[in-house]
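A closer look at the structure
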Amino acid sequence: MATGSQTSAARSEAPRTSTPVVEVHELRKNYQLGESEVHALRGITLSIAQGEFVAIMGVSGSGKSTFMNILGCLDRPTAGRYLFAGIDVSAFTRKELARIRNQKIGFVFQGFNLLGRTTALENVELPMLYCRASKKEREERAREALALVGLADREDHFPSQLSGGQQQRVAIARALANKPLLLLADEPTGNLDSRTSVEMMEIFQKLNEDGLTIVLVTHEPDISRFADREIVFRDGRIKRDERVRNVQVASEVLKSLPKLED
Ligand code: ADP
Ligand code: MG
């Protein structure tokens, strides 16, 4: 679509002189599984600049989640280097990683992972419990984040009272609550129908246009075309890494999709 290429052209004019958000060099991850060793990552080298929207593709077992867990400071590599925003976190302790993760990284998962007996607003407030914000500040920021994903009128709803798409929006708002430098999403549309998936991409594109760096794992080629760069994993290695030509604009695509009854 023409509008898509315009958007990405406009975006690429912005100077990208700052430190990359992600820089990994010869990243390896082995898992010990009884007697044998699984080589989940076999030497990944790449760099992700601030403001990029990257889609990670690849068949099941190719190492996508392993890579995301390391990027998200949930796990450490067996070998290789990881610089997050210029800081070498490769040798960080679990506690140091947790601090970076809580302050700088937002996560969205396939299963939403919301607390069932807790309202949308409280779910979004959760990550802020570890920061020094007052109750009032936490609520304000949670309201802001919910408004950003179009759920301002649902803050008192419990997850069971929300559709799958709405629950995923709450999860995105929660991921944004701490104003992260990097948003990681591992198959966030895996449980959603196609229109709702595109609605998620509309939110991601909006956040990305506002400058947020996003790394999204998906096995759906239709979804990866909303990102501006596509990296394909195979057997723990990078098979392909290129810019998406004709980036799809979610708000445009939505116009051509039938509306579902809620
Ligand atoms: P993907 O997300 O692309 O499906 P994963 O990163 O989950 O791939 O897995 C990559 C490889 O590592 C697979 O062979 C998987 O079975 C293996 N693996 C992942 N996590 C573990 C673990 N905790 N222990 C042992 N093997 C694992
Ligand atoms: Mg996975």
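The numbering scheme is per chain: residues are counted from 1 as the chain's sequence reads. Chains carry letters and ligands carry numbers; both start at the beginning, A for chains and 1 for ligands, and go up in the order they are written. Totals for whole chains, interfaces and linings use every residue, but because this is a predicted model, local features are given only for residues with pLDDT of at least 70 and side-chain atom pairs only at 80 or more, for both listing and counting.

Quick notes on the site of ligand 1
Stated precisely, the cut-off is as follows: We call a residue near a molecule or strand when its C-beta atom, built from the backbone, sits within 6 Å of it. Secondary structure elements are taken from DSSP: a helix is a run of H or I of four residues or more, a strand is a run of E of two residues or more, and numbering for both begins at the N terminus. All amino acids are sorted into three groups, where Ala, Val, Leu, Ile, Met, Phe, Trp, Tyr, Cys and Pro are nonpolar, Asp, Glu, Lys and Arg are charged, and the leftover types, Gly among them, are polar.
Near ligand 1 the following residues occur: Y31, L33, V38, A40, G58, S60, G61, S62, G63, K64, S65 and T66. At the level of secondary structure, the elements contributing two or more residues to the shell around ligand 1 comprise strand 1 (22-33), strand 2 (36-48) and helix 2 (64-71). Counting residues per element, the shell around ligand 1 draws most heavily on helix 2, which supplies three residues. Class assignment of the residues belonging to the shell around ligand 1 gives a composition of four nonpolar, seven polar and one charged.

Things to note about the environment of S197
As a reminder, the rule being used: With C-beta atoms placed from the backbone, a contact is any residue pair whose C-beta atoms sit within 7 Å.
Here S197 shows up in helix 7 (residues 194-209). Spatially, the C-alpha atoms of S197 and A250 are 9.6 Å apart, while their sequence positions differ by 53 residues. Residues in contact with S197, not counting those within four places in the same chain, are T189, L192 and I223.

Here we look at the sheet that holds strand 6 (residues 105-109)
Inclusion rule: Whether two strands pair comes down to DSSP finding at least two bridges between them. Convention adopted: a line fitted to C-alpha atoms gives each axis, helices being fitted over their contacting stretch, and angles between N-to-C directions are expressed from 0 to 180 degrees.
Across the sheet, six strands lie side by side as 6-7-8-3-9-10; this open sheet has mixed pairing. Looking at the sheet topology across the chains shown, the edges are occupied by strand 6 and strand 10 (237-243). Put simply, the sheet's adjacent strands are angled 15° from each other on average, direction ignored. Across five bridges, the pairing between strand 7 (residues 182-186) and strand 8 (residues 213-217) is parallel. Paired with D186 across the two strands is V217, which belongs to strand 8. With respect to the sheet, helix 7 is in contact with strand 3 (53-57), strand 7 and strand 8, its orientation differing from that of strand 8 by roughly 150°.

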